[in-house]
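Structure at a glance
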Amino acid sequence: MEKFYTTTAIDYVNGAPHIGHAYEKILTDVIYRHFTQRAEDTYFLTGTDEHGIKIQKTAAEKDISPKEFCDMNAQKFKDAWKALDIDYSQFIRTTDEQHAEIVQKIFKKLVEKGDIYKHAYTGLYCSGCEAFLSEKDLTEDGLCPDHMKKPEVVQEENYFFKLTKYKDAIIKHIKTNPDFIVPSFRANEVLNQLENIEDISVSRVKSNVNWGIPVLGDEEQVIYVWIDALSNYITALGYDPDGNSSEKFKKYWPANVQVIGKDILKFHSIYWIAILMALELPLPEHILAHGWITIDQTKMSKSLGNVISPTAVLEAFNLDIPDPFRYYMASAAPCGKDGNYSDEDFKEKVNAHLANSMGNLLNRTLSMLVKYFDGEIKPEFLGKNELEEKALETVKAIRHHFDYFEVQEAAQKIIELVDITNKYVTDNAPWTLAKEGKMDKCGEVLTNVLQVMTVISSLIYPYCPNIASRMAEQLGYDLKTKLDDISCNSLRAGMLIKKEDIKPVFLRMDSELADKKK
Ligand code: MSP
């Protein structure tokens, strides 16, 4: 695989990031890091979506300029992703100058092509959705079903994008590419939505919404939400509608996978695809629509007061690395399904998987190597590894899961390998072998386990980069090994580790030691 380009949705900056936003960024980061183990060249884009009436209103309430408000909140997203070790290549803000300029050019090109036209319109606008809704989208009481607010009646002359022109081509694309929308069960939903699509409004009158990118040559209009927001995926790379796109754009576009939440699938699998078709650009290979994260099985909402910030979780549990939270979030739900966060479940799951099963396995195996062999792997310990087949099978299975972006399912495979290896230790009881003086066999068992631990460190790396590098360090293993080169014989004969260098890679969250560290 030569290149891999992935993107996330860009978040609204009305408030601070919550764990729903974090879920998406972690999921994408895990996918991205996995593909750095497969592709030559990789790129990961995330960012913030900063224009629109909501920002304009909130900033006005706070008596600051929209830009100041966006600067403040965009920083909160950047800080949170740093704390979570989200290894993005670029953070785009829709207020970036380059973005705004390219969006204007894209708009102009589509006007010239006849795909954008001006039209007087009366519509129902929900500022929560930043979208026009049709009567049939509303509840019986005429409210927006997502925001439970009455939409405003807006009467304006706006620019419209000819979405209907691309309807048949989009239907054809979805039908002939069954893996375009992931998971595939969502494709039918999109095909149903396509039945009733109409052309969409892509600008607003400046007197109603002024916090947006102005339409070139029409001072009275600003480009409204979706053309601005969706274009970020190509403006970030340096796309130029006039034919002078950057090398970066040529190298990375089309995206391999664009990760978004299920609530905005329609915009990505219909609007975005139509815009790309209108620009005559290649389409992304996959759109991955993830599910939603609930808190204690309840929808997160400001009114319920149950919105959780990802950094608050790290602080509450005094975590010095984000790995446990990343692991928990990334394995919160099967691909495309909803997941749940609860403090109790978080603690239990990461203690069981990362501390008790995985961390302990490495710790006690290294300790036995020191106890019985002064930390040395002797040449006679190396040979056919009874665990090799299972370990390499796991690598293959994980690769397969990631081909379908099944991040939780892949994590389960890693833990299965950890469990099998733990069972191998119990079954072979190296402590008994040592007591009985069967030292070669004892050394062989320990070495076999440590070889598998190198594989496990590579596999857990996308989820837990810090724990993986702590493991690799103690094993003297190069974490940069590509998935294709993973083997069960990375460790060579010689001194592996001294007693004082053995450290737990992750402490149980409620252990005394972890408490002391706090
Ligand atoms: N700005 C638009 C996206 C434009 S993309 C060109 C937007 N922003 S958002 O802040 O509302 O949502 C950003 C992403 O976070 C979306 O993919 C959305 O699905 C996701 N999530 C927001 N709340 C979520 C949960 N509770 N759980 C999981 N993901 C959720 O939409």
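Up top you'll find the structure we're talking about.
Once that is clear, we can look at the overall build of the protein chain. Along the backbone of the protein chain there are 19 helices and 18 strands. If one aligns the C-alpha atoms of the protein chain with their principal axes, the spans along those axes are about 90 × 45 × 40 Å. Sorting the 518 residues of the protein chain into buried and exposed places 57% on the buried side. In the protein chain, the share of contacts with a sequence separation of at least 24, taken over all contacts with a separation of at least 6, comes to 77%. Accessible surface, the protein chain: about 22400 Å² in total, of which carbon and sulfur atoms supply 48%. For the protein chain, the distance from the average position of its 62 positive side-chain charges to the average position of its 79 negative side-chain charges is 2 Å.

Around the ligand, 24 residues are found, and the nearest of them are Ile10, Glu24, Asp49, Gly261 and Asp263. Here a nitrogen atom of the ligand and a backbone polar atom of glycine 20 are 3.4 Å apart. In the model, a nitrogen atom of the ligand is placed 2.9 Å from a nitrogen or oxygen of the isoleucine 293 main chain. Those elements that place two or more of their residues in the shell around the ligand are strand E2 (11–12), helix H1 (19–36), helix H7 (226–230), helix H8 (232–235) and strand E13 (257–261). The class makeup of the residues in the shell around the ligand is 12 nonpolar, 8 polar and 4 charged.

Okay, the packing of aromatic side chains next. Per the stated rule, a full pass over the model turns up 33 aromatic pairs. Grouped by ring-pair contacts, the aromatic residues Tyr5, Tyr43, Tyr233, Tyr239, Phe249, Tyr252, Trp253 and Trp272 constitute a single cluster. The aromatic ring of tyrosine 12 is capped on one face by lysine 54, whose charged end is 5.4 Å from the ring centroid. One cation-aromatic arrangement involves arginine 204 over tyrosine 125; the distance from NZ or CZ to the ring centre is 4.4 Å.

Attention now moves to the nonpolar core. With 107 residues, the main nonpolar core has Ile31, Phe325, Tyr341, Phe346 and Tyr463 as its most contacted residues. Broken down by element, this core gets its largest block of residues, 12 residues, from helix H13 (residues 343–373). Residues Leu133, Tyr252, Ile273 and Leu279 belong to the second largest nonpolar core, which totals 78 residues.

A few words on the sheet that holds strand E6 (residues 131–133). Strand order in the open sheet formed by 4 strands is E6-E5-E7-E9, with antiparallel pairing between adjacent strands. Looking at the sheet topology across the chains shown, the edges are occupied by E6 and strand E9 (200–201). Inspection of the sheet shows strand E5 (residues 116–126) paired to strand E7 (residues 152–161) by 10 bridges, in the antiparallel sense. Counterpart to tyrosine 117 in the pairing with E7 is phenylalanine 160.

Right, let's get into helix H12 (residues 323–330). With respect to burial, H12 is a largely interior element, 8 of its 8 residues being buried. Within H12, the full set of buried residues consists of Asp323, Pro324, Phe325, Arg326, Tyr327, Tyr328, Met329 and Ala330.

It is worth spelling out the sheet that holds strand E10 (residues 203–205) at this point. Working definition: the strands of a sheet are paired by backbone hydrogen bonds and lie parallel or antiparallel to each other. The antiparallel open sheet is built from 3 strands, whose spatial order is E10-E12-E11. Sheet topology places E10 and strand E11 (213–215) at the edges, where each strand pairs with a single neighbour. Strand-to-strand twist across the sheet, computed as the mean angle between neighbouring axes with direction ignored, equals 50°. Inspection of the sheet shows E10 paired to strand E12 (residues 218–223) by 3 bridges, in the antiparallel sense. What sits directly across from serine 203, in E12, is isoleucine 223. Packed on one face of the sheet, helix H4 (residues 97–112) meets E10, E11 and E12 and runs near 25° to E11.

A few words now on the environment of alanine 16. Structurally, alanine 16 can be placed in the loop between E2 and H1. In this structure the C-alpha to C-alpha distance between alanine 16 and isoleucine 181, which are 165 residues apart in sequence, comes to 29 Å. The residues touching alanine 16, leaving out its near neighbours within four places in the chain, are His21, Lys76 and Phe77.

Now for the pairing of strand E3 (residues 41–49). Counting buried positions along E3 yields 8 of 9 residues, so the element is predominantly enclosed. Relative to E3, strand E1 (residues 3–7) runs parallel, the two sharing 5 bridges. Across the sheet, the residue bridging to phenylalanine 4 is threonine 42, located in E3. Across 2 bridges, E2 lies against E3 in parallel orientation. Across the sheet, the residue bridging to tyrosine 12 is aspartate 49, located in E3. Taken together, the 4 bridges between E3 and strand E4 (residues 90–93) define a ladder with parallel strand orientation. The residue of E4 that forms the bridge with leucine 45 is glutamine 90.

One way to put it is that helix H2 (residues 53–62) packs onto helix H3 (residues 66–83) with a least axis distance of 8 Å and a crossing angle of 100°. By the angle class used here, H2 and H3 are roughly perpendicular. Only Pro66, Phe69 and Cys70 of H3 make contact with H2, whose side of the interface consists of Ile55, Thr58, Ala59 and Lys62. Partitioned by chemical class, the residues of the contact of H2 with H3 number 5 nonpolar, 1 polar and 1 charged.

What follows is about the pattern of salt bridges. Considering all chains together, one arrives at 29 salt bridges under this definition. Put simply, glutamate 24 and lysine 25 hold a salt bridge, and the shortest N to O gap is 2.7 Å. With respect to burial, glutamate 24 and lysine 25 carry one shared label: buried. Taking the shortest distance from any N to any O, the salt bridge between arginine 33 and aspartate 29 comes out at 2.8 Å. Taken together, the positions of arginine 33 and aspartate 29, both in helix H1 and 4 residues apart, correspond to about one turn of that helix.

How each quantity is defined
Residues numbered from 1 in each chain as written. Predicted model: local features only at pLDDT ≥ 70, side-chain atom pairs only at ≥ 80, totals over all residues. Heavy atoms only, no water. Helix = DSSP H or I, 4+ residues; strand = E, 2+ residues; numbered from the N terminus. Buried < 20%, exposed > 50% of the residue type's maximum accessible area, 1.4 Å probe, protein only. Contact = heavy atoms within 4.5 Å. Areas by Shrake-Rupley, 256 points an atom, 1.4 Å probe, with all protein chains shown as cover. Lys, Arg positive; Asp, Glu negative; His and termini not counted. Charge placed at Lys NZ, Arg CZ, Asp CG, Glu CD. Near = heavy atom within 4 Å. Polar contact = N/O pair within 3.5 Å; in protein donor to acceptor, adjacent residues only side chain to side chain. Nonpolar A, V, L, I, M, F, W, Y, C, P; charged D, E, K, R; others polar. Phe/Tyr/Trp six-rings, centres within 6.5 Å; stacked < 30°, edge-to-face > 60°. Lys NZ or Arg CZ within 6 Å of the ring centre and 35° of its normal. Core = buried A, V, L, I, M, F, W, Y, C linked by side-chain atoms within 4.5 Å. Pairing = 2+ DSSP bridges. Axes fitted to C-alpha atoms, helices over the stretch in contact; angles between N-to-C directions. Parallel < 35°, antiparallel > 145°, perpendicular 65-115°, else oblique. Salt bridge = Lys/Arg side-chain N within 4 Å of Asp/Glu carboxyl O.

Bear in mind that shape data such as this cannot, by itself, settle questions of function.
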